[in-house]
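Breakdown of the fold
As a plain string of letters, each chain reads:
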Amino acid sequence: MKVNGAEVILREVVRLDMFLVEQGYNPAYVAVEMNGEVVLKSAYDQTILSDSDVIEVVRFVGGG
Amino acid sequence: MGVEYEGVGPAHGELEAVLAARYGAGVYDKLKAARVAVAGLGGLGSHIAVALARVGVGFLFLVDFDVVEPSNLNRQSYFVGDVGRLKTEALREQIEAINPLVEVAVRAVRVEEHNIVELFGGCDVLCEALDDQEAKAGLVSTALAGLPGLKVVAASGMAGYGSANSIRTQRRLKNLYVCGDGEGCGGSGMKDTKSVGEYMGFMAPRVQICAGHQANMTLRLLAGLEEA
């Protein structure tokens, strides 16, 4: 699969929230686009990733 | 000219003609027809709103639940006399004084998952200017997923007085632009473990630079340009 433009080998089927943690992200602090569609926060734990998926992860830091 | 208008100001028609004459072909008409929302009226949002009002965006929708505090005055666009007032009301008054041609609507509510689609539906561009890391990510996700035509111009990283040149605008998703250095962490909603000192405090110029990036990207989108 592709994550932020880079190839990532997906060894097993994994849930989006778990994948984000594995990649070092806090799921609460990111926005995720999967195959061109932004994923609702509430759907992270019901979204299953497969090797053909293309995802973009945007991380936010605080301050405003 | 100064004497002629002293204390009165130009008539609306004249003000509009002055603005229209300063921009290129048709741009003023596009700005005048535009609807822009600003979510969060702190260091980013207050300056974004002022910039967009000056440039002549026709409709501004300002959302913040908070009141002006003394600790806001070092980096937000408010005055000493605004302390204790709702930010929405203080900013509405300021915009009226800057450009009375702008229509301003306000909501003094906290932006939460359940009210995002209702609040920002009907807007062309949403400027994300919240403070809290989780709230930022939540607003961006919910708005982009729930409002397909909306463009979101968000911010990430603008604390301190590090180099101004590290703040930039990037198109990160189809309808998402992110301005900032992507690193710093400031504001009262700070959740990272690093202390304020490591990020060199909360300063006006860098937050204004980031707000300027957001306002300029908004302007570009309204003028029909999608490139960051």
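Our structure's up above, just so we're on the same page.
Now for a description of the structure that goes with this document. Predicted, not measured: the structure shown is a model, and the values here were computed from it.

Conventions and cut-offs
- Counting from 1, residues in each chain are numbered in the order their sequence is written.
- The naming scheme follows written order: chains are lettered A onward, ligands numbered 1 onward.
- Local features in this predicted model are restricted to residues whose pLDDT is 70 or higher, and side-chain atom pairs enter the listing and the counts only when it is 80 or higher, whereas totals over whole chains, interfaces and linings include all residues.
- Each side-chain value is derived from all of the structure's non-hydrogen atoms; neither hydrogens nor water enter the calculation.
- Secondary structure elements follow DSSP: runs of H or I of four or more residues count as helices, runs of E of two or more count as strands, with numbering from the N terminus.
- To get the radius of gyration, use the C-alpha atoms; to get the globule rule, take the number of residues to the power 0.38 and multiply by 2.2 Å.
- Throughout this description, buried means an accessible area under 20% of the type-specific maximum (1.4 Å probe, protein chains only), exposed means over 50%, and partly exposed covers the range between.
- Charge assignment: positive for Lys and Arg, negative for Asp and Glu; neither His nor the chain ends contribute.
- Note that the charge is assigned to NZ on lysines, CZ on arginines, CG on aspartates and CD on glutamates.
- Classification of ring pairs uses Phe, Tyr and Trp, with its six-membered ring standing for Trp, and accepts pairs whose centres are within 6.5 Å; under 30 degrees between planes counts as stacked, over 60 as edge-to-face, and the remaining range as tilted.
- Both a distance and an angle decide whether a charge sits over a ring: NZ of Lys or CZ of Arg must be within 6 Å of the ring centre and within 35 degrees of the ring normal.
- Using a 1 Å grid laid over the protein atoms alone, points where a 1.4 Å probe fits but cannot get out form a cavity; open sets with protein on both sides within 12 Å along at least 5 of 7 lines form a pocket; any residue with an atom within 4 Å of a point counts as lining.
- Grid points are joined across faces, edges and corners, and a volume is the space filled by probe spheres set on the points.
- Three classes are used, and their members are as follows: Ala, Val, Leu, Ile, Met, Phe, Trp, Tyr, Cys and Pro are nonpolar, Asp, Glu, Lys and Arg are charged, and the others, Gly among them, are polar.
- We define a salt bridge as a side-chain nitrogen of Lys or Arg found within 4 Å of a carboxyl oxygen belonging to Asp or Glu.
- To qualify as a nonpolar core, a set must consist of buried Ala, Val, Leu, Ile, Met, Phe, Trp, Tyr and Cys residues joined through side-chain atoms within 4.5 Å.
- Between two residues, a contact is recorded if the distance between any of their heavy atoms is within 4.5 Å.
- Reported buried area values correspond to the accessible surface (1.4 Å probe) lost by two parts on association, with both partners' losses combined.
- Contacts described as polar in this section are N or O atom pairs within 3.5 Å, which, within protein, must combine one atom able to donate a hydrogen with one able to accept it, while residues neighboring in sequence count only if both atoms come from side chains.
- Geometry is summarised by axes, namely lines fitted to C-alpha atoms with helices restricted to the contacting stretch, and by angles between N-to-C directions that run from 0 to 180 degrees.
- Reported orientations rely on four angle classes, namely roughly parallel under 35 degrees, roughly antiparallel over 145, roughly perpendicular from 65 to 115, and oblique for the rest.
- Each crossing is labelled by how the near helix is turned from the far one, with a counterclockwise turn of less than a right angle marking it left-handed and a clockwise turn marking it right-handed.

**Observations regarding the overall build of chain A**
Broken down by element type, chain A carries one helix and seven strands. On C-alpha atoms alone, chain A measures out to a radius of gyration of 11 Å, which is about the 11 Å that the 2.2 N^0.38 rule sets for 64 residues. Along the first, second and third principal axes, the C-alpha atoms of chain A reach 40 × 25 × 20 Å. Taken over 64 residues, chain A has a buried fraction of 48%. Between the mean site of the 5 positive side-chain charges and the mean site of the 10 negative ones, chain A shows a separation of 6 Å.

**What to know about the packing of aromatic side chains**
Residues and elements named next belong to chain B. Taken as a whole and assessed by the stated rule, the structure comprises two aromatic pairs over all chains. Seen in terms of ring centroids, Tyr-23 and Tyr-28 are 6.3 Å apart; in terms of plane orientation they differ by 35°. Their pairing is tilted. On the basis of relative accessible area, Tyr-28 is assigned to the buried category, the value being 5%. In this structure, Arg-35 is placed above the aromatic ring of Phe-59, and the distance from its NZ or CZ to the ring centre is 4.1 Å.

**As for the layout of surface pockets**
Roughly 180 Å³ of volume is contained in the second largest pocket. For the second largest pocket, the full set of lining residues is A:Glu33, A:Gly36, A:Glu37, A:Val38, B:Leu144, B:Ala145, B:Leu147, B:Pro148, B:Leu150, B:Leu173, B:Lys174 and B:Asn175. The set of elements that each furnish at least two residues to the lining of the second largest pocket consists of strand S5 (37-38) of chain A together with helix H7 (133-146) of chain B. When grouped by side-chain class, the residues that make up the lining of the second largest pocket number seven nonpolar, two polar and three charged.

**Some thoughts on the side chain of A:Glu33**
With respect to the helices and strands, A:Glu33 occurs in strand S4 (residues 30-34). Notably, A:Glu33 is buried but unbridged: the nearest opposite-charge side chain belongs to B:Lys174, and the N-O separation is 7.3 Å.

**Things to note about the nonpolar core**
In terms of nonpolar packing, the biggest core is built from 39 residues, with B:Leu44, B:Leu60, B:Leu62 and B:Ile95 touching the most fellow members. Once you skip the residues sitting within four places of it in the chain, B:Leu44 turns out to touch A:Gly63, A:Gly64, B:Ala129, B:Lys136, B:Ala155, B:Met158, B:Val207, B:Cys210, B:Ala211 and B:Gln214. With 28 residues, the next largest nonpolar core counts B:Phe59, B:Phe61, B:Leu139 and B:Leu150 among its residues.

**Concerning the environment of B:Asn216**
In this structure, B:Asn216 sits in helix H8 (residues 204-222). Considering only alpha carbons, one finds B:Asn216 and B:Ala204, twelve residues apart in sequence, at a separation of 18 Å.

**Concerning the interface of chain A and chain B**
Chain A puts 20 residues into the contact, and the matching count from chain B is 37 residues. For the pair chain A and chain B, the two sides together bury roughly 2100 Å², of which 61% comes from carbon and sulfur. The largest contributions to the chain A side of the interface with chain B come from A:Phe60, A:Val61 and A:Gly64, which together make up 31% of the buried area. The interface formed by chain A and chain B holds zero salt bridges in total. One can count nine residue pairs in polar contact (both at pLDDT 80 or more) joining chain A with chain B.

**A short note on the packing of helix H4 (residues 43-55) of chain B against helix H5 (residues 87-98) of chain B**
All names here are of chain B. Here H4 crosses H5 at 25°, and the two axes come no closer than 9 Å. Between H4 and H5, the crossing angle belongs to the class labelled roughly parallel. Judged by the twist between their axes, the crossing of H4 over H5 is right-handed. Residues Gly-45, Ser-46, Ala-49, Val-50, Ala-53 and Arg-54 of H4 lie in contact with H5, whose contacting residues are Leu-91, Gln-94, Ile-95 and Ile-98. In the contact of H4 with H5, the residues fall into six nonpolar, three polar and one charged.

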